[in-house]
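Residue-level listing of the chains:
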Amino acid sequence: MPRLTRTAAVAAGTGLIAAMAAVLFAASPAYADQTVRFTLDELNDSGSSGDATITAREDGSLHVKIEGSGFTPNSPHAQHIHGMAHSDDFFCPPPSADKNGDGQVATEEGVPQYGGVFVSLTTKGDTSPKSGLAIDRFPVADANGDLEYDRTIPASQLPAGLVDSLSHLHVVQHGLDANGNDKYDLEALGESVFAKSLGVSGIPEEATNPATCGEVSPVGGVETGASSTHGIERLDLLAAGGVLMLGAGGVLIARRRSAAAHRVES
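Not measured: the values here are computed from a predicted model. (Residues numbered from 1 in each chain as written. Predicted model: local features only at pLDDT ≥ 70, side-chain atom pairs only at ≥ 80, totals over all residues. Heavy atoms only, no water.)

A look at the side chain of H170
Our working definition: Only runs of H or I of at least four residues qualify as helices and only runs of E of at least two qualify as strands under DSSP, and these elements are numbered from the N terminus. Working definition: with a 1.4 Å probe on protein chains only, accessible area under 20% of the residue-type maximum means buried, over 50% means exposed, and in between means partly exposed. Nitrogen and oxygen atoms within 3.5 Å of one another constitute a polar contact, given that in protein one can donate a hydrogen and the other can accept it, and given that sequence-neighbouring residues count only through two side-chain atoms.
Relative to the helices and strands, H170 is located in strand β7 (residues 170–174). The exposure class assigned to H170 is buried, which follows from its relative accessible area of 2%. Polar side-chain contacts of H170 include one of 3.5 Å to the backbone oxygen of F90.

Here's what the structure looks like:
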């Protein structure tokens, strides 16, 4: 009977480990995008509504797409991602958030509910909170009051913790027509208290009051590819654990075969 040397046994075990590891890691999916969707419901009887889809890409960028209707026609609408990294303490404001009883939840009354500006959803340039009132860089509703927005924001312009916190953030769009004349004016609600607090005078309250707010609901999951990388990390750990287990098994096989060969020699 041919002798099975210890070297041959170890080589066989190593080959088995490599083959099994290759199978395990080949089964691991590529890192997937993370997508969340917001249903944008009207605030302040604005008549506005919409949907926002936000996708965190593999390269760290953020793709934002918004479609809505019922907005003040031919007018810019400020819009932001609101909230705070790693916090789930915020929500879309109820009518009771109207503290001064004027029938409107103004921006300064809504911020404690949905949080401060995390990302300004401008059409170009800066997206930080500093651009929160950059009216010339926000989308403009068309003559029918429809609004569309589509932008990919590079990773370099995103705040830390944004992707990890997507499921706890909110999208808020501002600008409404309280007196039905298809424009923003001071006659309807007066001057914006919020804008004035930031040193900008002469802005109508209609232009800054929130028109929609949306909370997030995840799209898909690990099974659909619209997910975070957590499942992948677990699979990689499983694969690593499998290699360790196979390694132990390979040594055990080698030892058993070596012992058997020793008995044959005897």
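So that's the structure; there's more coming.
Description of the side chain of T55
As a reminder of what qualifies: Two residues form a contact once any of their heavy atoms are found within 4.5 Å.
Looking at where T55 falls in the secondary structure, it is placed in strand β2 (residues 49–56). There is a polar contact of 3.0 Å between the side chain of T55 and the side chain of T35. Excluding its chain neighbours within four sequence positions, the residues that come into contact with T55 are D33, Q34, T35, S61, L62 and H63.

Regarding the pairing of β7
Where burial is concerned, most of β7 is hidden: 5 out of the 5 residues are buried. Residues H170, V172 and H174 point to one face of β7 and V171 and Q173 to the other, with burial holding for every one of them.

Brief notes about helix α2 (residues 107–114)
The condition is simple: Each C-beta atom gives one direction from the helix axis, and the arc is the one those directions make.
Every buried residue of α2 is accounted for by T107, E109, G110, Q113 and Y114. Along the axis of α2, the buried residues cluster in a sector spanning 150°; they form a single face.

What to know about the layout of surface pockets
Applicable threshold: Grid spacing is 1 Å over the protein atoms alone, the probe is 1.4 Å, and a cavity is where that probe fits but cannot get out, while a pocket is an open set with protein on both sides within 12 Å along at least five of seven lines and lining residues have an atom within 4 Å of a point. Grid points are joined across faces, edges and corners, and a volume is the space filled by probe spheres set on the points. In the scheme used here, Gly and all other residues not listed as nonpolar or charged are polar, with Ala, Val, Leu, Ile, Met, Phe, Trp, Tyr, Cys and Pro taken as nonpolar and Asp, Glu, Lys and Arg as charged.
Counted as a void, the second largest pocket has a volume near 230 Å³. Only β4 (79–82), α2 and α5 (205–208) provide two or more residues apiece to the lining of the second largest pocket. Residues that form the lining of the second largest pocket fall into these classes: 9 nonpolar, 7 polar and 1 charged.

Examining the pattern of salt bridges
Going by this rule: Note on definitions: salt bridges are taken to be side-chain nitrogens of Lys or Arg within 4 Å of carboxyl oxygens of Asp or Glu.
According to the stated counting rule, one finds 2 salt bridges in the structure shown. Here R57 and D33 are joined by a salt bridge, their closest N and O atoms 3.1 Å apart. Here R57 is found in the loop between β2 and β3 (62–69), whereas its partner D33 is found in the loop between α1 (6–26) and β1 (34–42), with 24 residues between them in sequence. We note a salt bridge from K196 to E191, for which the minimum N-O separation is 3.8 Å.

Things to note about the pairing of strand β6 (residues 147–153)
Defined as follows: The pairing criterion is simple: DSSP has to find at least two bridges between the two strands.
Residues L147, Y149, R151 and I153 point to one face of β6 and are all buried, whereas E148, D150 and T152, pointing to the other face, are not buried. As paired strands, β3 and β6 are joined by 7 bridges and run antiparallel to one another. Residue E67 lies in a different strand from β6, and its bridge partner there is E148.

Concerning the state of the cysteines
Put simply, the rule reads: The term disulfide is used for any two cysteine sulfur atoms that are within 2.5 Å.
Following the criterion strictly, the structure yields 1 disulfide and no others. The residue that forms a disulfide with C92 is C213, at a sulfur-sulfur distance of 2.1 Å. On the sign convention where negative means left-handed, the S-S torsion of about -85° between C92 and C213 marks this disulfide as left-handed. Of this pair, C92 sits in the loop between β4 and α2 while C213 sits in strand β8 (residues 210–218), placing them 121 residues apart in sequence. With respect to class, C92 is no different from C213; both count as buried.

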